[in-house]
Amino acid sequence: QLVGLPPSSNAKSMSPDSLLAETLGDVLDRVTEDKAKVIGLALKDRAGILMAGRKADAAYWLVNRRWITSSWYMERLPGYVRAYNESRPIDAYAGKTWNFLLPKDKYHLYRPDDYEHENDDYGLGRAFPHRLATRDESSFDRQFPCTPYGNDATLLAARLIVENEALGGDDVTDLLCLGLSSNDYLGHQYGPYSLEVEDATYRLDRQLAGFVDFLNVHVGEGNWTLVLSADHGVAPIPEFVTQLGLKRKRNPLGDLSELQAKVEARLREKLGPPNQKKAYVLALENSQLFLTRNPEVLPEKQRAAARAIAREVVLAEEAVFAAYTADQLDADEPSSHPPK
């Protein structure tokens, strides 16, 4: 259950229950016999939780402008986190205007600022300056992560944790996992060649420099290590890629319902009509195709053949480079045949 929100909140329960592998924090906790402190922090719940792991001391993420956690880790927020939330630190960013950090001639200007194919899902606009809603407007909560201020808030909360948990204060190595989630939001909204991402990167450089100075004071220069990583990159906006001389297509598989129907038709051709007037294919989404597990529709003895048939149909698509069935992924040895 969530910890740090009123019972009336409709936010989803969260935990690392589905995490099967050990994280770095889990291993550190094990080899230090539970003496290491391991804490995850990010605007996104999945980032804070999955970086820290199953055995972490805490994982925090932002909901309704409050840093919260899960009963997996604790039954009550630490006093310093509760006090910080009560000071409403996120409200300080409401109504702010995000403009260029540097003189405009310092930017690369890959393409126009107001680019028609950028997203404006949060009402921030496609061009500078970007003004956030006021604290009384519900749209602010959606806008805030998609600005560099989200990283500001995360690193400020990180300082609070370092100080109050005395991270790095003894001979046992501690681990603080920080997810700078605003980079993710910005990449999705504006693309990697946007002025927004470029400006946010310059700001992040300064934000991290400030955090480094903080660690030197509170942990001690030479007593800590900073490691930078990422969970994924961001693809350029497809319509912009043509300007780089590359092939592009926003939806390379076309209408997914048509491809799903094509797979269904081939399965019916090879296996016969399914029983109970149901379908063999349950869904085609996020580059994954799911077949029914209903034994009365697709008997278990036919499932491997059905997966192989579906794979052939998908591989015939020009945009598909490789496709693998569950049987191939479950095999003890990696597939040796060419993907296509």
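The structure displayed is predicted, hence computed values, not measured ones.

**Brief notes about the sheet that holds strand S7 (residues 175-179)**
So, point 1. Spatially, S1-S4-S3-S2-S7 is the arrangement adopted by the 5 strands of the open sheet, whose pairing is mixed. Looking at strand neighbours, the two that pair on one side only are strand S1 (2-3) and S7, the edges of this open sheet.

**A look at the packing of aromatic side chains**
So, point 1. Enumeration over the complete set of coordinates arrives at 12 aromatic pairs.
So, point 2. Ring geometry for phenylalanine 140 against phenylalanine 144: centres 5.7 Å apart, planes inclined by 35°, an arrangement best described as tilted.
So, point 3. Taking the centre distance of 5.3 Å and the plane angle of 50° together, the rings of tyrosine 193 and phenylalanine 240 count as tilted. Of the two residues, tyrosine 193 sits in the loop between helix H6 (182-190) and helix H7 (195-220) while phenylalanine 240 sits in helix H8 (residues 238-241), which places them 47 residues apart along the sequence.
So, point 4. With a relative accessible area of 27%, tyrosine 193 lands in the partly exposed category.
So, point 5. Accessibility expressed as a relative area gives 3% for phenylalanine 240, which makes it buried.
So, point 6. Aromatic ring contacts, followed pair by pair, group Trp98, Phe100, Tyr107, Phe128 and Tyr202 into a single cluster.
So, point 7. Seen from the ring of tyrosine 185, lysine 44 lies directly overhead, with NZ or CZ sitting 4.8 Å from the centre.

**Here we look at the pattern of salt bridges**
So, point 1. Enumeration over the complete set of coordinates arrives at 15 salt bridges.
So, point 2. Measuring nitrogen to oxygen at the nearest pair gives 2.9 Å for the salt bridge that ties aspartate 91 to arginine 65. With aspartate 91 in the loop between helix H3 (79-86) and strand S5 (97-98) and arginine 65 in the loop between strand S3 (58-63) and strand S4 (66-70), this pair connects stretches of sequence that are 26 residues apart.
So, point 3. For arginine 65, a relative accessible area of 10% puts it in the buried group.
So, point 4. Salt-bridge contacts for arginine 126 lead to aspartate 114; the nearest nitrogen and oxygen are separated by 3.0 Å.

**A look at the environment of glutamine 207**
So, point 1. Of note, glutamine 207 is situated in helix H7.
So, point 2. Glutamine 207 sits in the buried class, given a relative accessible area of 11%.
So, point 3. For the pair glutamine 207 and proline 148, spaced 59 residues apart in sequence, the C-alpha to C-alpha distance is 9.4 Å.
So, point 4. In contact with glutamine 207, other than residues within four places in its own chain, are Pro148, Asn151, Asp152 and Leu155.
So, point 5. Separated by 3.2 Å, the side chain of glutamine 207 and the backbone oxygen of proline 148 make a polar contact.

**Considering the nonpolar core**
So, point 1. With 61 residues, the main nonpolar core has Tyr60, Trp67, Phe140 and Phe144 as its most contacted residues.
So, point 2. If you tally residues by element for this core, the top one is H7, at 9 residues.
So, point 3. Residues Val281, Leu291, Leu298 and Leu315 belong to the second largest nonpolar core, which totals 15 residues.

Cut-offs and rules
Residues numbered from 1 in each chain as written. Predicted model: local features only at pLDDT ≥ 70, side-chain atom pairs only at ≥ 80, totals over all residues. Heavy atoms only, no water. Pairing = 2+ DSSP bridges. Helix = DSSP H or I, 4+ residues; strand = E, 2+ residues; numbered from the N terminus. Phe/Tyr/Trp six-rings, centres within 6.5 Å; stacked < 30°, edge-to-face > 60°. Buried < 20%, exposed > 50% of the residue type's maximum accessible area, 1.4 Å probe, protein only. Lys NZ or Arg CZ within 6 Å of the ring centre and 35° of its normal. Salt bridge = Lys/Arg side-chain N within 4 Å of Asp/Glu carboxyl O. Contact = heavy atoms within 4.5 Å. Polar contact = N/O pair within 3.5 Å; in protein donor to acceptor, adjacent residues only side chain to side chain. Core = buried A, V, L, I, M, F, W, Y, C linked by side-chain atoms within 4.5 Å.

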